[in-house]
Amino acid sequence: MNEVQPTDLPLLRNLEDAGCDTETVEKYFQLRQAGKIRDQQRLLSKQRRLLLEALHANQRKIDNLDYLLYTLKTTPRSS
C-alpha cells in the first residue's frame, strides 16, 4: 500500500478494527483515491456480510454447547 497520510490513520485503524485484511484495506484506499464511493460502499458491505456470517456460525456453535450443557444438567445421575 502507498504511504498512509497522518490524516488517514483513523480510517486505516477503523478498517483494521473492522477485520479488513490488507488486500481489502488497499482496495478501499484505491477506490477512495479514485472517488468511487459506490464501490467503497460495496466493499464495506461485503466485509459486513462476512462478519455477520461468522457471527451466525459462532452463534450456532454456542447454541450447540448450550444444548449439551442443558442435557448434562437435566440428565439424572447415577450414584
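See the structure shown above.
Overview of the structure. (Residues numbered from 1 in each chain as written. Predicted model: local features only at pLDDT ≥ 70, side-chain atom pairs only at ≥ 80, totals over all residues. Heavy atoms only, no water.)

## Quick notes on the packing of helix α2 (residues 22-34) against helix α3 (residues 37-74)
Relative to each other, α2 and α3 sit at 160 degrees, their axes nearing to 8 Å. By the criterion of interaxial angle, the relationship of α2 to α3 is roughly antiparallel. Once α2 is placed against α3, the crossing between them reads as left-handed. Counted together, T24, K27, Y28, L31 and R32 of α2 and D39, Q40, L43 and L44 of α3 form the full contact between these two elements. Looking at side-chain class alone, the contact of α2 with α3 contains four nonpolar, two polar and three charged residues. (Axes fitted to C-alpha atoms, helices over the stretch in contact; angles between N-to-C directions. Helix = DSSP H or I, 4+ residues; strand = E, 2+ residues; numbered from the N terminus. Parallel < 35°, antiparallel > 145°, perpendicular 65-115°, else oblique. Left-handed = near helix turned anticlockwise from the far one by under 90°. Contact = heavy atoms within 4.5 Å. Nonpolar A, V, L, I, M, F, W, Y, C, P; charged D, E, K, R; others polar.)

## As for the pattern of salt bridges
Inspection of every chain in the model, using the stated rule, returns two salt bridges. Two residues, R32 and D8, come together in a salt bridge whose shortest N-O distance is 2.8 Å. One end of the pair, R32, is in helix α2; the other, D8, is in the segment before α1 (9-17), and 24 residues separate them in sequence. Accessibility expressed as a relative area gives 38% for R32, which makes it partly exposed. Here D8 falls in the buried class, since its relative accessible area comes to 12%. Between R42 and D39 there is a salt bridge, with the nearest N and O atoms lying 2.6 Å from each other. (Salt bridge = Lys/Arg side-chain N within 4 Å of Asp/Glu carboxyl O. Buried < 20%, exposed > 50% of the residue type's maximum accessible area, 1.4 Å probe, protein only.)

Don't take any of this as a statement about function, it's just geometry.
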